[in-house]
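One letter stands for each residue in the lines below.
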Amino acid sequence: MKRVGLALVGLGNVGRRFIRLLIERDDMLRKKYGLAFSVHCVVDSSGVVISDDGFDLVRLLEHKVCGLKLRELHEFDEGLTLAVALDSVQCDILLEASPVDLNTGDPGLSNCRTGLERGLHLVLANKAPLALAQAELVRLAADTDVGILYSATFCGGLPVLNIVRRDMVCGKILGFRGIFNSTTNFILEEMLKGRSYADALSETQERGIAEADPSIDVGGWDTAAKLVIAANSIVDAMITLADVSVSGIEDVQLDWLEQCRREGSVLKLVATAERIDAEWRFQVEPTPVPIASFLGSCSGWEMAIEIQSDIYGKSFHKLWEREPVPTAASMLRDAVHLATMGRQGSL
C-alpha cells in the first residue's frame, strides 16, 4: 500500500466533491490502485489548517457543507501560510482548486509556484495559472523533477488532453474547435426556448457549474482559457490569453438565435484553433453552426471538441456535465496517475 499525502487548496463546489470522492472511493483506491490518500493541508478563503495524521474527511466535509470556514476548526492557526504549512507536514501532491482569476492568476498561480518549489506534484482544476503562465510552471516542474496534470481544467471529465498526448502517437494536430463551456451552451439553448438570459444564468450558478464570477463564463474567458490550455498541450504552440481573440454571449439577442434557426443553424460559443500558413490563429466567438453538424448537436449541458490530425483523421468527443462531479473526478484521476507513475504521470 502506497501512502500519499495531499494538500488541497479550495473547498468550493469542486473541492468539496473531490473530498467526497476520496471518502466514497477509498476502498477502490486501496484495492485496485494500492493507494491510501490522506489530506494533511487544506486551504480556503479564511486560511490554512494542517494535520500531521491526516484530517477526518467526513468531519471536514460536514464542516464545509454546513457553511463553516476553516478558521472555525480547532486546528486553525492565524499565522499559517501555505508555504509554512507545506514545510510542516508531509505532502506529495498539491491540488489547486481555488477561484479563477484570469487577470493576475492569483492566488492559484502563487500556490502552484509554492508547491512546485517544494517538490510537490501538481494537480490543477484552476485554469488561471495555466492560461497565464503554463510555460513557467512546466519549467519549474522540470527543475524540481515533479509532474503536472490538469485534465480537470479542460471540459470537466472529458479526457481529451490525455487522449491526444498519450494515444495520437506521431500524429500532428492540424486544428481543432469546440464548445468548451456548458454554461453558455445551456443559456443560449434556454433563450431559444423563451427563457430569459438572467434566469438561465441563475440556474447554472445554483448547480455550481458557472464560475464564482459568471462573467468569466458568459464573457468567453473560460472558453478562451481552455483554448489556451488545449493549444499548449496538443499543438506546437505555447500561448497565453493575450494571444486569443475573445467575444462572449452577453450581447446575444433572441432575434439572432431565431434567425440562425430559420437558416438551419444554431448559435454556439465556439473556440477555434486553426493554422493559416505557418501561423496559428486562436479565437472565441458566438458562431452559427449547422444544426445537423457535430457541434450543432451539442446541446444544453454538453461540451464538445472536434480534432483534425494528419494521420488519425478527424475525431469527435462530447461530454454531458450538469454538475461539478466529473471535474472533481478528473482531479482524482490525475492524482492517481501522479501517485502511481510520478513525473511520467504528466503524460
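The structure under discussion appears in the preceding block.
For the structure given in this document, a descriptive report is provided here. In this text the structure is predicted, and so the values were computed from the model without any measurement.

The next point concerns the pattern of salt bridges. Under the criterion given, the structure shown has 18 salt bridges. For Asp87, the salt bridge identified is with Arg118, shortest N-O distance 3.0 Å. Taken together, the residues Asp87 in helix α4 (residues 82–88) and Arg118 in the loop between α5 (108–117) and β5 (121–124) connect sequence positions 31 residues apart. Residue Glu203 is joined to Arg207 by a salt bridge in which the shortest nitrogen-to-oxygen separation is 3.0 Å. Note on Arg207: relative accessible area 31%, which makes it partly exposed. Several salt bridges converge on common partners, so that one network encompasses Glu189, Glu190, Lys193, Arg195, Asp199, Glu203 and Arg207.

Let's shift gears to the side chain of Ser265. With respect to the helices and strands, the residue Ser265 is situated in strand β9 (residues 265–276). Sequence-distant contacts of Ser265, that is, excluding residues within four places in its chain, are made with Cys260, Pro288, Val289, Pro290 and Ile291.

In this section: the sheet that holds strand β2 (residues 35–44). Taken in spatial order, the 6 strands of this open sheet run β3-β2-β1-β4-β5-β6, and their pairing is mixed. Both outer strands of the open sheet, β3 (47–50) and β6 (148–149), are each paired with one neighbouring strand and no more. Strand direction decides the pairing type here: β2 and β3, joined by 4 bridges, are antiparallel. Across the sheet, the residue bridging to Val42 is Val49, located in β3.

Cut-offs applied
- Residues numbered from 1 in each chain as written.
- Predicted model: local features only at pLDDT ≥ 70, side-chain atom pairs only at ≥ 80, totals over all residues.
- Heavy atoms only, no water.
- Salt bridge = Lys/Arg side-chain N within 4 Å of Asp/Glu carboxyl O.
- Helix = DSSP H or I, 4+ residues; strand = E, 2+ residues; numbered from the N terminus.
- Buried < 20%, exposed > 50% of the residue type's maximum accessible area, 1.4 Å probe, protein only.
- Contact = heavy atoms within 4.5 Å.
- Pairing = 2+ DSSP bridges.

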